[in-house]
Amino acid sequence: MNYGIILKIQGNLLIFEAIGMVPGLLLSLYYGQQDKTAFIISILVTGICGYVLSRTAVSDNKFKAKEAITIVSLGWISASFFGCLPFIFSGSIPSFIDAFFETVSGFTTTGATIIDDVEILPKGLLFWRSFTHWIGGMGILVFTLAVVPAMGVGSFQIFKAESPGPIANKIVPRIKDTAKILYTTYMGITLLEIILLKLGGMSLYQAAVHTFGTVGTGGFSTKNASIRGFDSAYIHVVISIFMLLSGVNFSLYFALYKKKWRDILDNEELKFYLGIVLISVILIAVDINTNIYHDVAKSIKDALFQVSSVITTTGYSTVDYDKWSAFSKGILFILMFVGGCAGSTSGGIKSIRVLVLLKLVKKEISRVFHPRAVIPVKIGPRSISSNTLSSIASFFVLYIIVFLIGTLIISLEGIGLIDASSAVAATLGNIGPGFGFAGPARTYSQFSPYSKLLLSFFMLLGRLELFTLIVFFTPKFWREEV
């Protein structure tokens, strides 16, 4: 194990995290609120620790999968540990477990909260809380790769271990340039949404905070009622559109920039993703219009918003969908597992994996009628390799096993099976609010400290797509060469 490069990159990561806290401090100073001391202490502690680690002497920059997995796993855990310091030092969340849960939820873009009244928090803390969504959305280490000097062949190993989806593809040959392209696109979408929300009547502060939650598909808001707190159809529609855009593979925006129209129009995952959204919106809109609203425009608007929020695993809400019929809630529950596209900021299993699994089912049905036929599984013109098919099937099985085991453990809280399964699905899929005990009108404050730690682990598992973190905690990983 190349411990030198691991410590050095961890140090760089903490330095950038300390810099990321500065806007929160500036807002605290601007508004004259009491959290400025907490930010100053947190920035100093995080920055000094990062500086000390970054000075680690490294004789060899190159490393393998073992180092990459360690860097990514430790990076997300350490970022969450230091990121919760402003909450603790300010006294806003005095419990370390609660503060850690909130910060993990932020960085993993889950949006689950233990804060019952967010509106009493200082503006600096609320900004930092949502800014963690924006940092974690594209990837903490991807950001580090974009701004630090090239780190050798191990850069792609880090990118692959952190990137969401079954296959991590470089947009351009150099991974550093790929990271820069992704973040340039990310910042462009962010800036555009801030402008549009500002035009819709939000203050610049509110527009920025809610854009971080939208583009990072996180869902933290400055209002207890989430987006329901803004009585504006324009704001609801803008956020709906940008949630959907953030659920698209970001490499397609680069293809759009390069005017590679065929790459976009022929993308099967994109068509599958948008198709699921369209069908779900129609079904839910018809259901809630018939049984609740009797207003077609409102039914379509709320159906579009909640479908966009859940499939992209953002977690914003304009209504308490926990009061909808079992049919509509059932559709939303299924969407919690599907998730957005690979290469986006969303969580869940990912649309590409679901699409491949459906094609596998179709292949097996065809084999019943043509047992000797060789039937490849294709996405577009390309056949999926057997290794990738095995990886996708293994991921799906492991995801369901973790979900079932987690549900049984959380049910020991004494809550119902649906409530427990909803909480696990919402945290493992990085969605945030679920149903019942973890519904959009409630918080996770009622869970025990042990359950909060377990749910925090599920959030990290979901964001790092299971294998990275599970392998990291496997004894065999530390005994053998990987």
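Data block above holds the structure.
Position numbers for residues count from 1 along each chain, tracking the sequence in the order it is written. Local features in this predicted model are restricted to residues whose pLDDT is 70 or higher, and side-chain atom pairs enter the listing and the counts only when it is 80 or higher, whereas totals over whole chains, interfaces and linings include all residues. As a rule here, side-chain values come from all non-hydrogen atoms in the structure, and water together with hydrogens is ignored.

Broken down by element type, the chain carries 22 helices and two strands. Contact between two residues is taken to exist if any of their heavy atoms lie within 4.5 Å; hydrogens are not considered. Taking contacts inside the chain between residues at least 6 apart in sequence as the whole, the part at least 24 apart equals 71%. In short, Shrake-Rupley with a 1.4 Å probe defines the accessible areas, and a residue's cover is counted only from the protein chains shown. For the chain, the exposed area adds up to about 20,000 Å²; of that, 66% sits on carbon and sulfur atoms. Under the DSSP-based scheme used, a helix requires at least four consecutive residues in state H or I and a strand at least two consecutive residues in state E, with every element numbered from the N terminus.

Before going further, it helps to spend a moment on unusual backbone geometry. A positive phi is found at Thr 109, a non-glycine position, where the angle reads about 55 degrees. Looking at where Thr 109 falls in the secondary structure, it is placed in the loop between α5 (96-107) and α6 (123-138). With a phi angle near 60 degrees, Ser 226 is a residue other than glycine that sits in the positive phi range. Mapped onto the secondary structure, Ser 226 falls in the loop between α10 (204-215) and α11 (233-246). Here the term buried applies to any residue with accessible area under 20% of the maximum for its type, exposed to any over 50%, and partly exposed to those in between, with areas from a 1.4 Å probe on protein chains only. Taking relative accessible area as the criterion, Ser 226 reaches 10% and is therefore assigned buried.

This part covers the pattern of salt bridges. Here, a salt bridge means any side-chain nitrogen of Lys or Arg that lies within 4 Å of a carboxyl oxygen of Asp or Glu. As enumerated under the stated definition, the model contains 10 salt bridges in all. Across the salt bridge formed by Asp 266 and Arg 262, the nearest N and O atoms sit 3.3 Å from each other. Its relative accessible area of 40% is what places Asp 266 among the partly exposed residues. Between Lys 329 and Asp 322 there is a salt bridge whose closest N-O contact spans 3.7 Å. Look at Asp 322 and you get partly exposed, because its relative accessible area is 22%. Bridged by salt links that share partners, the residues Lys 298, Lys 301 and Asp 302 form one connected network.

Below, the discussion takes up the packing of helix α14 (residues 268-293) against helix α16 (residues 326-338). With axes taken as lines fitted to C-alpha atoms, and helix axes fitted only over the stretch in contact, angles between N-to-C directions fall between 0 and 180 degrees. Where α14 contacts α16, the two axes come as close as 9 Å, and the packing angle between them is 160 degrees. In terms of axis orientation, α14 runs roughly antiparallel to α16. Relative to α16, α14 is oriented so that their crossing is left-handed. Residue-level contacts link Ile 276, Ser 280, Leu 283, Ile 284, Asp 287 and Ile 288 of α14 to Phe 327, Ser 328, Ile 331, Leu 332, Leu 335 and Val 338 of α16. Residue polarity follows a fixed list, in which Ala, Val, Leu, Ile, Met, Phe, Trp, Tyr, Cys and Pro are nonpolar, Asp, Glu, Lys and Arg are charged, and the others, Gly among them, are polar. By residue class, the composition of the contact of α14 with α16 is nine nonpolar, two polar and one charged. Roughly parallel covers angles under 35 degrees, roughly antiparallel covers those over 145, roughly perpendicular covers 65 to 115, and oblique covers all other angles. Each crossing is labelled by how the near helix is turned from the far one, with a counterclockwise turn of less than a right angle marking it left-handed and a clockwise turn marking it right-handed.

Attention shifts here to the packing of aromatic side chains. Stacked, edge-to-face and tilted labels apply to pairs of Phe, Tyr and Trp rings (six-membered ring for Trp) whose centres lie within 6.5 Å, assigned for plane angles under 30 degrees, over 60, and everything in between, in that order. Using the criterion set out here, one finds 28 aromatic pairs in the structure. Arranged with centres 5.9 Å apart and planes meeting at 5 degrees, the rings of Phe 131 and Trp 134 form a pair that is stacked. Here Trp 134 and Phe 131 lie together in helix α6, a separation of three residues that amounts to about one turn. For the residue pair Phe 131 and Trp 134, the accessibility class agrees, reading buried in each case. Measuring from centroid to centroid gives 5.3 Å for Phe 333 and Phe 337, while their planes differ by 75 degrees, and the two rings are edge-to-face. With Phe 333 and Phe 337 both in helix α16, this residue pair falls four residues apart, about one helical turn. Clustering of aromatic rings is evident, with ring pairs tying together Tyr 321, Trp 324, Phe 333, Phe 337, Phe 395, Tyr 399, Phe 403, Phe 435 and Phe 467. For a ring to carry a charge above it, either NZ of a lysine or CZ of an arginine must fall within 6 Å of the ring centroid while also lying within 35 degrees of the normal to the ring plane. The ring of Phe 220 carries the charged tip of Arg 129 above its face, separated from the ring centre by 3.8 Å. Its end group placed over the ring of Phe 395, Arg 353 keeps NZ or CZ at 3.8 Å from the ring centre.

Multiplying one less than the number of residues by 1.5 Å gives the expected span of a helix. Taking 1.5 Å of rise per residue, 16 residues should cover 22 Å, and α6 covers 24 Å from first to last C-alpha, within 8% of that figure. With 15 of its 16 residues buried, α6 lies for the most part within the structure. Where α6 terminates, the next one or two residues include Gly 139, which has phi positive at roughly 125 degrees.

Once that is clear, we can look at the side chain of Ser 246. Relative to the helices and strands, Ser 246 resides in helix α11. Setting aside anything within four residues of it in sequence, one finds Ser 246 in contact with Thr 214, Val 215, Thr 217, Tyr 253, Ser 344, Thr 345 and Ser 346.

Each patch is built from residues lacking any salt bridge and having more than 30% relative accessible area; the joining distance is 9 Å for like charges and 5 Å for nonpolar side chains (Val, Leu, Ile, Met, Phe, Trp, Tyr). Where nonpolar side chains cluster on the molecular surface, the patch consists of Phe 396, Val 397, Ile 401, Ile 405, Ile 409 and Leu 412 and spans about 550 Å² of accessible area. Among the secondary structure elements, Ile 405 is positioned in helix α18 (residues 386-410). Ile 405 gets classed as partly exposed once you look at its relative accessible area, which sits at 46%.

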